[in-house]
Structure formats: C-alpha cells, structure tokens
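Listed below, chain by chain, are the residues.
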Amino acid sequence: MNLISRLIQSFKDVIDNRVVLSAMVRRNTAGRYRSTYVGFAWHLLMPIMMTIVLYITFTAIRPRPLEDFWIYLAAGMFPITFISSSLRGRAVLGNANYLTKMKFPREIVVLSSVITDFLGVVFAYVFIIMVILLSGQYVNWWGAAMIPVELGLMFIFCLGCSYLVSTVTVFVRDLGYFMSVMMRLVFWITPTFFLVSEAKGLLKDIVWFNPFTYYVETFHDILYYGAFPHIEYLAASVLLAAVFFFVGAWVFFRYEKRFPEVLRWSRE
C-alpha cells in the first residue's frame, strides 16, 4: 500500500474511531491538570496568564523601545511552544499501556497529543486578537483572514514532526532527551525575543535555515505589523508542512506494527 492510500485509510480509521480520539484528548487534558480545582480551564487560562505576564513585563516593568513589544512576543511565543511540544517525541511512549493492550489505530495517540496542544494555541490567538481589538490597534483584516490558514499549516507541520520523532524515540530513547535540549537552543535562535532584522552574520544564516522562523514571522506580520504576511513566508509554511507531514507519516506507518513488540520488550 503506497503512502497516499495509507493516509486515506488512516483518515477513515480516525473518523471511525473518533470516539476514541475524543476520549484521548479529554484524558490528555484531564491528566495534565489532575487534582486541580478548575481542571481543563487551566488549558485556557495558561495562555491568558502568559499574555498578561508579557504585557506587564514589557510594558510597565521593562519597557523596550519597540512599541507594544508584548504583542510581538506573544505572537511568536505560542507557535514556538506548540512546535516544541510536537518534537518532544512522547506521544507513543506515553501511551505504551494502550498500544500494547488495546487494538485501535495507532496514529490516534499522536493525533490526540497534537490536538491537545493545538487547542491551547488556538485559544491563545483568540485572546490576543481580542486584546488587540480592545486596545484600538490597527488590524489588517485580509491578513487576519490568513490566521486560520497558518494555524492549519502549523498543525500539519507539527503532526508530521510528532509522527517522525515519536516513532524514532520508540527505538532510540536518547532522541527524546536530545530534542529536549535542542528545543531550548532553537527557542533562542528563533526571532521571538529579537527582530529578524537584528540577526547578523552567522545568526542571520541560522535564523533563515530554522523552519520555525517562517511560522513565527507570519504571525508577526499579521498581529504585530498589521500586514498581510509575506508570500515567501506562506510558501515556506506550505512546503515545510507538506515535507514534514509526508516524511513523518511515511516513517510512522512503516514502523508502527513494531510498536507493541518493542514497547513490551523495553518494559521487561
């Protein structure tokens, strides 16, 4: 079965098992905030609190010459957080009990993990847009219309990344720790705390080879600069999403049948 046929079959399997997918998303969020008073509400409150912290820090406490720098930070920080989560490679290992004891489409564990993190990002941007509108900032509505498109591309990119890293991590556990360290490095070489125009020399080359940059800069264009995003950024977002999704899916579907055996062996 070729990759396209397998993806079509995967889509049908996920639709048929949508109850399982929904249950796993609820389990992911419930488990994350177990023993708290407000439970799932923390998934919505966290981006709100982070945005408020950025506003207070870079407006009242440590203002930067760049006006409304908190919007610049918020617009870029949430994509970085979301993409970093998809590269932790814990989706399969974290669901070892289910994969070794139950029969269901294995891609659901990866999809549910990505959806869980994606919900927080969507709500974060809804809140940021509300604050921008309430504060009287200029909004380019043609640019704003591209937010759902870019979010969709980022979701596909992250799903591909999660397919790839989660699969390799089953066989090479060290990759998870390596990616954890690498994500901290990438966080600081992505134009989130600095303007892309400020990158000089080697850093400038690294920034433009960094796939995260194109997603972050698209949201900067829309939310901070109030402009329609650069076509180059959108094109790069489409290309990156397609490449990482197909590569990640190919690796995942090639090795998924070995998951139960390897996971059981590693626990003995």
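Everything numeric here is computed off the predicted structure, so don't read it as measured data.

This part covers the overall build of the chain. Within the chain, the secondary structure is distributed over 13 helices and 0 strands. The proportion of buried residues among the 268 residues of the chain is 50%. Split by element, the accessible area of the chain, about 14,300 Å² in all, is 67% carbon and sulfur.

We now examine the environment of Met-46. Following the sequence through the fold, Met-46 ends up in helix α3 (residues 41-61). Along the sequence, Met-46 and Phe-123 sit 77 residues apart, while their C-alpha atoms lie 9.8 Å from each other.

Moving on, we come to the nonpolar core. Counting 77 residues, the largest nonpolar core has Val-92, Val-110, Met-154 and Phe-157 as the members making the most contacts within it. For Val-110, the contacting residues outside a window of four places in its chain are Ala-91, Val-92, Leu-159, Ser-162, Tyr-163 and Phe-252.

Looking now at the pattern of salt bridges. For the coordinates displayed, the defined rule picks out 3 salt bridges. Here Glu-256 makes a salt bridge to Arg-6, at a shortest N to O gap of 2.8 Å. Here Arg-6 lies in helix α1 (residues 3-16) and Glu-256 lies in the loop between α12 (231-255) and α13 (259-267), a separation of 250 residues in the sequence. Overall, the relative accessible area of 16% leaves Arg-6 in the buried class.

So, about helix α9 (residues 174-188). For α9, with 15 residues, the first-to-last C-alpha span of 22 Å sits near the 21 Å given by 1.5 Å per residue. Listing the buried residues of α9 in full gives Leu-175, Gly-176, Met-179, Met-183, Val-186 and Phe-187. Looking down the long axis of α9, one finds its buried residues gathered within 105 degrees of arc, a one-sided arrangement. Residues of α9 that are exposed and angled more than 90 degrees away from the buried face: Asp-174, Tyr-177, Val-181, Arg-184 and Trp-188. Those residues of α9 that are buried lie in contact with α4 (69-86), α8 (147-171) and α11 (212-224).

If you trace the backbone, Asn-28 turns up in helix α2 (residues 18-32). Reaching out from Asn-28, the side chain makes a polar contact with the side chain of Arg-27 at a distance of 3.2 Å. Within the structure, Asn-28 has its side chain in polar contact with the side chain of Thr-116 (distance 3.3 Å). Not counting residues up to four positions away in its chain, the partners in contact with Asn-28 are Ser-112, Ser-113 and Thr-116.

Moving on to the environment of Ala-227. Along the chain, Ala-227 falls in the loop between α11 and α12. In the structure, Ala-227 is positioned 89 residues away from Tyr-138 in sequence and 9.5 Å away in space, judged by C-alpha atoms. Setting aside residues up to four positions removed in sequence, Ala-227 forms contacts with Asn-140, Gly-143, Asp-221 and Ile-222.

Looking now at the packing of α8 against α9. Two elements in contact, α8 and α9, have axes whose closest approach is 7 Å; the angle formed by their N-to-C orientations is 135 degrees. Classified by the angle their axes make, α8 and α9 are oblique. Contact residues: Val-165, Val-168 and Thr-169 in α8; Leu-175, Gly-176 and Met-179 in α9. Here the residues of the contact of α8 with α9 are counted per class, giving 4 nonpolar, 2 polar and no charged.

Let us now look at the confidence of the model for the chain. Scored by pLDDT, the chain has a mean of 84; 89% of the residues are at 70 or more. Confidence scores differ between elements of the chain, with α3 showing the lowest mean pLDDT of 69 and α12 the highest of 95.

On to the packing of α8 against α11, then. It is the contact of α8 with α11, at a shortest axis distance of 11 Å, that shows an interaxial angle of 165 degrees. Judged by the inter-axis angle, α8 sits roughly antiparallel to α11. Between α8 and α11 the crossing geometry is left-handed. Between α8 and α11, the residues in contact are Ile-147, Glu-150, Leu-151, Leu-153, Met-154 and Phe-157 and Phe-212, Tyr-214, Tyr-215, Thr-218, Phe-219, Ile-222 and Leu-223, respectively. Residue classes in the contact of α8 with α11 are distributed as 11 nonpolar, 1 polar and 1 charged.

One pair of aromatic rings is described through two measures. These are the centre distance and the angle between the planes. Taken as a whole and judged by the stated rule, the model has 23 aromatic pairs. Where Phe-171 meets Phe-259, the ring centres are 6.4 Å apart and the plane angle is 50 degrees; that geometry is what we call tilted. On the criterion of sequence distance, the pair formed by Phe-171 in helix α8 and Phe-259 in helix α13 is long-range, its members being 88 residues apart. Under the relative-accessibility criterion, Phe-259 is labelled buried at 0%.

Below, the discussion takes up the side chain of Thr-100. Within the secondary structure, Thr-100 sits in helix α5 (residues 96-101). Of the polar contacts made by the side chain of Thr-100, one reaches the backbone oxygen of Ala-96; its length is 2.8 Å. A distance of 3.3 Å separates the side chain of Thr-100 from the backbone oxygen of Asn-97, its partner in a polar contact.

Conventions used here
Residue indices begin from 1 for each chain and proceed along its sequence in written order. Under the rules for a predicted model, residues below a pLDDT of 70 receive no local features and side-chain atom pairs below 80 are neither given nor counted, while totals for whole chains, interfaces and linings still include all residues. The basis for every side-chain value is the complete set of heavy atoms in the structure, and neither hydrogens nor water enter the calculation. Helical segments are the DSSP runs of H or I of at least four residues, strand segments are the runs of E of at least two, and each set is numbered from the N terminus. Burial here depends on accessible area, computed with a 1.4 Å probe over protein chains only, as a share of the maximum for the residue type. Under 20% is buried, over 50% is exposed, and the range in between is partly exposed. Residue burial considers only the protein chains on display, and all accessible areas are found by Shrake-Rupley using a 1.4 Å probe. The nonpolar core is taken to be a set of buried Ala, Val, Leu, Ile, Met, Phe, Trp, Tyr and Cys residues, with the residues joined through side-chain atoms within 4.5 Å. In this description, contact between two residues means that some pair of their heavy atoms is separated by no more than 4.5 Å. One side-chain nitrogen of Lys or Arg within 4 Å of one carboxyl oxygen of Asp or Glu is enough to make a salt bridge. Given a helix with a known number of residues, its expected span is that number minus one, times 1.5 Å. Starting at the helix axis, one direction is taken to each C-beta atom, and the arc is that of these directions. Polar contacts, as counted here, are pairs of nitrogen or oxygen atoms within 3.5 Å of one another; within protein the pair requires one atom able to donate a hydrogen and one able to accept it, and residues that are adjacent in sequence qualify only if both atoms are side-chain atoms. To obtain an axis, a line is fitted to C-alpha atoms, over the contacting stretch when the element is a helix, and the angle between two such axes runs from 0 to 180 degrees between their N-to-C directions. To sort the angles, those under 35 degrees are grouped as roughly parallel, those over 145 as roughly antiparallel, those from 65 to 115 as roughly perpendicular, and the leftovers as oblique. Charged residues are taken to be Asp, Glu, Lys and Arg, nonpolar residues to be Ala, Val, Leu, Ile, Met, Phe, Trp, Tyr, Cys and Pro, and polar residues to be all remaining types, Gly included. The score called pLDDT rates the predictor's confidence residue by residue, from a low of 0 to a high of 100. The crossing is said to be left-handed when, going from far helix to near helix, the turn is anticlockwise and less than a right angle, and right-handed when the turn is clockwise. Pairing of aromatic rings covers Phe, Tyr and Trp, the last through its six-membered ring, and needs centres within 6.5 Å; plane angles under 30 degrees mean stacked, over 60 mean edge-to-face, and all others mean tilted.

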